[in-house]
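Residue strings, one per chain:
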Amino acid sequence: MSDRLFDLRHDILLREWEMCDGNVGRLDGVLFVMRGWAVTVAAAMIAYAYTEGQAEIARYLVLPVGLLWVLDGLFKRFQRIFIDRNREIHRYLSSAQFGQDVERGEMSFTTPLMALRFRGGTWTERVADHARCMFLRNVSLTYLPLILAGLAAEWIIPAVTA
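Overview of the structure.

Cut-off values and rules
Residues numbered from 1 in each chain as written. Predicted model: local features only at pLDDT ≥ 70, side-chain atom pairs only at ≥ 80, totals over all residues. Heavy atoms only, no water. Axes fitted to C-alpha atoms, helices over the stretch in contact; angles between N-to-C directions. Helix = DSSP H or I, 4+ residues; strand = E, 2+ residues; numbered from the N terminus. Parallel < 35°, antiparallel > 145°, perpendicular 65-115°, else oblique. Contact = heavy atoms within 4.5 Å. Nonpolar A, V, L, I, M, F, W, Y, C, P; charged D, E, K, R; others polar. Expected span 1.5 Å × (residues − 1). Buried < 20%, exposed > 50% of the residue type's maximum accessible area, 1.4 Å probe, protein only. Arc of directions from axis to C-beta. Phe/Tyr/Trp six-rings, centres within 6.5 Å; stacked < 30°, edge-to-face > 60°. Salt bridge = Lys/Arg side-chain N within 4 Å of Asp/Glu carboxyl O.

**Here we look at the packing of helix 2 (residues 62-93) against helix 6 (residues 137-161)**
Between two packed helices, both the angle of their axes relative to each other and the distance between the axes serve to describe the pair. At a closest axis distance of 10 Å, the pairing of helix 2 and helix 6 adopts a crossing angle of 175°. With respect to each other, helix 2 and helix 6 are oriented roughly antiparallel. Here Val62, Val65, Leu68, Trp69, Asp72 and Lys76 of helix 2 come into contact with helix 6, specifically with Asn138, Val139, Ser140, Tyr143, Leu144, Leu146, Ile147 and Leu151. Residues that form the contact of helix 2 with helix 6 fall into these classes: 10 nonpolar, 2 polar and 2 charged.

**Some words on helix 5 (residues 123-134)**
In this model helix 5 runs 17 Å from its N-terminal to its C-terminal C-alpha over 12 residues, within 8% of the 16 Å that 1.5 Å per residue would give. Here helix 5 has its buried residues at His130, Cys133 and Met134. Seen from one end, helix 5 has its buried residues packed into an arc of 105°, which puts them on one side. What points out from helix 5, more than 90 degrees from its buried face, is the exposed set Thr124 and Arg132. Taken together, the buried residues of helix 5 touch helix 2 and helix 6.

**Concerning the packing of aromatic side chains**
Enumeration according to the criterion identifies 5 aromatic pairs in this entry. Geometrically, the ring pair formed by Phe75 and Phe78 is edge-to-face, given 6.2 Å between the ring centres and 85° between the ring planes. Residue Phe75 and its partner Phe78 are located together in helix 2, separated by 3 residues, close to a single helical turn. For Phe75, a relative accessible area of 23% corresponds to the partly exposed category. An angle of 15° between the planes, with centres 4.6 Å apart, marks the rings of Tyr92 and Phe109 as stacked. Of the two residues, Tyr92 is situated in helix 2 and Phe109 in the loop between helix 3 (96-104) and helix 4 (114-118); the sequence distance between them amounts to 17 residues. The exposure classification of Tyr92 matches that of Phe109, with both residues buried.

**Re the pattern of salt bridges**
A side chain of one charge can pair with a side chain of the opposite charge when the charged atoms of the two come close. Here the structure, examined in full by the defined rule, presents 8 salt bridges. Across the pair Arg59 and Glu154 runs a salt bridge whose closest N-O atoms are separated by 2.5 Å. Linking Arg59 in the loop between helix 1 (2-52) and helix 2 with Glu154 in helix 6, this pair joins segments that are 95 residues apart in sequence. Among the residues examined, Glu154 registers a relative accessible area of 18% and is labelled buried. Notably, a salt bridge pairs Asp129 with Arg132, separated by 3.6 Å at the nearest N-O pair. Remark: Arg132 and Asp129 occur in helix 5; sequence separation between them is 3 residues, near one turn of the helix. Through salt bridges with shared partners, a single network forms among Glu16, Arg85 and Glu88.

Purely geometric stuff here, so don't read any function into it on its own.
Here's what the structure looks like:
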């Protein structure tokens, strides 16, 4: 009976590992598309401000690009949760503890555990983690230049169109 329970838990662990890995890849695709939309929106708003000769329109790109930045940070936070869990499972499966668990027929690793990760910490801790994810280098280097380009366009467009 113990072997069947171990096999079941091992199977659940492997499925959770596959799920984490799949979600990391899926979220990479979502983030790529989201960043593409941020570039598209910023370029479109700057082009519209230029063609209409209304430079102040360019400053409003801060709103949609900022919203996409907040969403990007949220999805990056989710991705990091999956990456952390993926690493925990990998460390366990490659540890001596896993070998001992196989010999004993009992698993000392808790699974599934993903649902608890999304609710971990207080509200302020989750918001702080979200902010940290927004300001990761690969995230902020996408959105800050777009926002700065919109703000710079507000000063450049009048000089070019005059």
